[in-house]
Amino acid sequence: EVVDASGKYILPGAIDAHVHFRDPGYTHKETWETGTASAAMGGVTTVFEMPNTNPPTGTVEALNLKLKSAEQAYVDFGIYGLLGEENLTELEALIEGGVAGFKCFMGNTFGNLPSPPTGAILEGFEIVAKHGYRIALHAENASIMARRSKKLKEAGRCDPLAHLDARPPVVATEAVSRAAILAEWTGARIHILHVSSGDELRPLREAKARGVDITAETCPHYLLLDERAYTEKKSLIRVNPPVREKTHQDQLWAAVQDGTIDMIATDHAPHSHEEKHKDDIWTTDCGFTGVQTQMPLMLTQVGAGRLALTDYVRMTSLAPAKAFGLYPRKGALLPGSDADLVVIDMERETQVDSAKLKSKGSSTPFHGHAAKGAPVHTLVRGRFVMRDGALVTEAKGHGRNVRRIQQMPTPKPRNVETTTAAIVKKNRR
Ligand code: NCD
Ligand code: ZN
Ligand code: ZN
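The sections below set out a description of the structure shown in this document. Counting restarts for each chain, with residues numbered from 1 along the sequence as it is written. Chains and ligands are labelled by the order in which they are written, letters from A for the one and numbers from 1 for the other. Predicted model: local features are reported for residues with pLDDT of at least 70 only, side-chain atom pairs are reported and counted for 80 or more only, and whole-chain, interface and lining totals are derived from all residues. Hydrogens and waters are ignored; side-chain quantities use all the structure's heavy atoms.

**Description of the overall build of the protein**
Numbering of helices and strands runs from the N terminus, with a helix taken as a DSSP run of H or I at least four residues long and a strand as a DSSP run of E at least two residues long. Looking only at helices and strands, the protein has 15 helices and 13 strands in total. In this description the radius of gyration comes from C-alpha coordinates, and the expected globular size is given by 2.2 Å times residues to the power 0.38. In terms of C-alpha radius of gyration, the protein reaches 20 Å, essentially the compact-globule figure of 22 Å for 429 residues. Over its C-alpha atoms, taken along the principal directions, the protein stretches across nearly 65 × 55 × 40 Å. Once local pairs closer than 6 in sequence are excluded, the contacts in the protein between residues at least 24 apart make up 77%. Accessible area for the protein stands at about 16,700 Å²; split by element, carbon and sulfur atoms hold 51% of it. For the purpose of charge, His is not counted, nor are the chain termini; Lys and Arg are scored as positive and Asp and Glu as negative. The atom standing in for a charge is NZ when the residue is Lys, CZ when it is Arg, CG when it is Asp and CD when it is Glu. When the 52 positive and 51 negative side-chain charges of the protein are each reduced to one mean point, those points stand 3 Å apart. It only takes one pair of heavy atoms within 4.5 Å for two residues to be counted as in contact. Method for areas: the Shrake-Rupley scheme with a 1.4 Å probe, in which residue coverage is limited to the protein chains shown.

Right, here's the structure in full:
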């Protein structure tokens, strides 16, 4: 199978550490088939899928249901198990069952999974820390948000900016700080999802400086859109956490440049057209599609000189592979790596078009955005899943669970003797 790659770049495929494929439970929004087809078209060779499905991925039974749905996958995948107050006794069984990491909802979002009290989060961290698996956090403070939303609703606010007002940066910053303290105490590895504000960067930087194993991601919408877009995009732009003022965007770019932010993930969160287009911001579902638009949008930034191509590859492939224990099988082009490849054409000009996305819930605030730079071929473990810009439909079902690919290294626990908890204990003796 010869392809002409002259004038193009061959990169390790993107690894998106944050997607919602909705299956089982909300298959009118997305399925494993449509979600991973969209990934293949977007140059993404591995995805990490979130547990806010129905049933939520908090038991081995629910995990097995999801793994059944995932048999349709075009690309490789990891599954996040839920870390909640009700399923602390299930966490080790979930590891045994093949999850790639855990997800804890500290704040309310789509699916309405309850945010565990801090005591339960601590216990969950202690259990998972023994196995070295990373815990991803939706770091928003549920209590602050609930009180603010209630007041805004009582005052009759239902305009797009009401959503931004319900979730000021302190909501996220408080949760990031708390999560970092719990991780420091327990030795848990954590990952901060969708960093949206400049304020979160301080606790992030401080935790990293203290030696906490903490990684963080931001998403294309926080880097490329700002609060001015609410006027035009209205409820379509509603996402948790919200797209914020330009000053936050500037700080996020600086954090991308200085390495405080490790990854760019998409938070691919598809909803139906009706669910995204409502007059009332509160009844509009949060989030939008992203797995297929990340690469053209971000390569446009590379072409414009805002991000080096090597940094782009680090943030979208190498860093997630390392953080979730997949490196060097994934995230690299080394002897022994899987041939997870994307061929990109930096000269190719396209326009984001909802109608052309393979995702079911294809509404996006980026509709109409011009892009320069696009994936043209995607290969997963040596097999084309997208070729010459077209989905290879025969590759449906080629995707594998990363925890089940032979010889994929399993995470090693950290040395728990160096955690705050262990030091305090030792000093007491
Ligand atoms: C996500 C979803 O729809 O599942 N929505 C969102 O606004 N980001 C959930 C989440 O990541 O918070
Ligand atoms: Zn979230
Ligand atoms: Zn999400």
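This is not the end of the story, as more comes after the structure.
**Examining the environment of Lys-151**
Within the secondary structure, Lys-151 sits in helix 5 (residues 142-154). Each C-alpha atom, one on Lys-151 and one on Ala-166, is 8.9 Å from the other, the two residues being 15 residues apart in sequence.

**Let's talk about the coordination of the zinc ion (ligand 3)**
We call an atom a donor if it is N, O or S and sits within 2.8 Å of the metal, or 3.2 Å for Na, K and Ca. Water is not counted, so some sites may look partial. Taken together, His-18 (NE2), His-20 (NE2) and Asp-267 (OD) make up the full set of protein donors to the zinc ion (ligand 3), lying 2.0 to 2.1 Å away. Irregular is the default label, applied whenever a site is not tetrahedral (four donors, all angles between 85 and 135 degrees) and neither square planar nor octahedral (four or six donors, opposite donors over 155 degrees apart, all other angles between 65 and 115). In this structure, the zinc ion (ligand 3) is coordinated by four donor atoms arranged in tetrahedral fashion, with angles at the metal of 88 to 134°.

**Describing the coordination of the zinc ion (ligand 2)**
Protein-derived coordination of the zinc ion (ligand 2) comes from His-138 (ND1) and His-194 (NE2), at a distance range of 2.0 to 2.1 Å. Around the zinc ion (ligand 2), the four donor atoms are arranged such that angles at the metal cover 54 to 144°; this shape is classified as irregular. The two metals, the zinc ion (ligand 2) and the zinc ion (ligand 3), are separated by 3.8 Å. Here His-194 lies in the loop between strand 7 (189-192) and helix 8 (201-209) and His-138 lies in strand 6 (residues 134-138), a separation of 56 residues in the sequence. The residues His-138 and His-194 share a single accessibility class, namely buried. Residue exposure (1.4 Å probe, protein chains only): buried if accessible area is under 20% of the type maximum, exposed if over 50%, otherwise partly exposed.

**What to know about the nonpolar core**
Counting 96 residues, the largest nonpolar core has Phe-102, Phe-125, Ile-135, Ile-190 and Ile-192 as the members making the most contacts within it. Residues within four places of Phe-125 in sequence aside, it is in contact with Leu-83, Ile-135, Leu-137, Ala-179, Leu-182, Ala-183, Thr-186, Ala-188 and Ile-190. To define a nonpolar core, start from buried Ala, Val, Leu, Ile, Met, Phe, Trp, Tyr and Cys residues and group those joined through side-chain atoms within 4.5 Å. Counting 17 residues, the second largest nonpolar core, distinct from the first, contains Ala-17, Met-263, Phe-324 and Leu-326.

**Some points on helix 14 (residues 309-323)**
Here helix 14 contains 15 residues, and its C-alpha end-to-end distance of 20 Å stays within 8% of the 21 Å for a straight helix at 1.5 Å per residue. Along its length, helix 14 shows its largest kink, about 40°, at Met-315. Buried residues of helix 14: Leu-309, Tyr-312, Val-313, Met-315, Thr-316, Ser-317, Ala-319, Pro-320, Ala-321 and Ala-323, and no others. Of the residues one or two after helix 14, Gly-325 is the one with positive phi, at around 75°. Here, expected helix span is obtained from the residue count minus one, scaled by 1.5 Å. Consider a residue and the seven residues that end there alongside the seven that start there; fitting an axis to each set, the bend is the angle between those axes.

**With respect to the pattern of salt bridges**
One speaks of a salt bridge when a side-chain nitrogen belonging to Lys or Arg is within 4 Å of a carboxyl oxygen belonging to Asp or Glu. Within the structure shown, the criterion is met by 26 salt bridges. Notably, a salt bridge pairs Arg-134 with Asp-213, separated by 2.9 Å at the nearest N-O pair. In this pair, Arg-134 sits in strand 6 while Asp-213 sits in the loop between helix 8 and strand 8 (214-218), placing the two residues 79 residues apart along the sequence. Note on accessibility: Arg-134 and Asp-213 belong to one class, buried. A salt bridge links Lys-330 to Asp-338, with the shortest nitrogen-to-oxygen separation between them at 2.8 Å. The two residues Lys-330 and Asp-338 agree in class, both being buried. When salt bridges with common partners are traced through the structure, they connect Asp-76, Arg-329, Lys-330, Asp-338, Asp-340 and Arg-381 into a single cluster.

**Focus: the pairing of strand 3 (residues 44-49)**
Burial of strand 3 is extensive: six of the six residues sit out of reach of the surface. Any two strands with at least two DSSP-identified bridges between them are counted as paired. Bridge analysis of strand 2 (residues 14-19) against strand 3 gives four bridges, and the strand direction is parallel. Each bridged residue has a counterpart across the sheet, and for Val-19 the counterpart in strand 3 is Glu-49. Here strand 3 pairs with strand 4 (residues 76-82) via four bridges, running parallel. The residue bridging Thr-46 from the neighbouring strand is Asp-76, located in strand 4.

**Quick word on helix 1 (residues 32-41)**
Within helix 1, nine of the 10 residues are buried, which leaves it mostly tucked inside the rest of the structure. Turning to helix 1, the residues buried within the fold contact strand 3, helix 2 (60-69), strand 4, strand 11 (370-380), strand 12 (383-387) and strand 13 (390-391).

**Section: the state of the cysteines**
The term disulfide is used for any two cysteine sulfur atoms that are within 2.5 Å. This structure, assessed with the given rule, holds zero disulfides. Note on Cys-219: no disulfide assigned, nearest cysteine sulfur contributed by Cys-286 at a separation of 14 Å.

**Overview of the sheet that holds strand 3**
Strand order in the open sheet made by the eight strands is 2-3-4-5-6-7-8-9, with parallel pairing throughout. What marks the edges here is a single partner per strand, and that holds for strand 2 and strand 9 (263-264). Note: strand 7 against strand 8, three bridges, orientation parallel. In the strand pairing of strand 8, His-191 is matched with Thr-215.

**Describing the site of ligand 1**
The nearness test applies per residue and asks whether one of its heavy atoms lies within 4 Å of the molecule or strand. Neighbouring residues of ligand 1: 15 residues in total, closest Arg-22, Asn-52, Thr-109, Asn-240 and Asp-267. A distance of 2.8 Å separates an oxygen atom of ligand 1 from a polar backbone atom of Asn-240. Residues adjacent in sequence count toward polar contacts only when both atoms are side-chain atoms; beyond that, a polar contact is any pair of N or O atoms within 3.5 Å, and within protein one must be able to donate a hydrogen and the other to accept it. Taking Gly-287, its main chain carries an N or O atom lying 3.3 Å from an oxygen atom of ligand 1. Expressed as a share of its isolated accessible area of 320 Å², the protein-covered part of ligand 1 is 100%. Three classes are used, and their members are as follows: Ala, Val, Leu, Ile, Met, Phe, Trp, Tyr, Cys and Pro are nonpolar, Asp, Glu, Lys and Arg are charged, and the others, Gly among them, are polar. Residue classes in the shell around ligand 1 are distributed as four nonpolar, nine polar and two charged.

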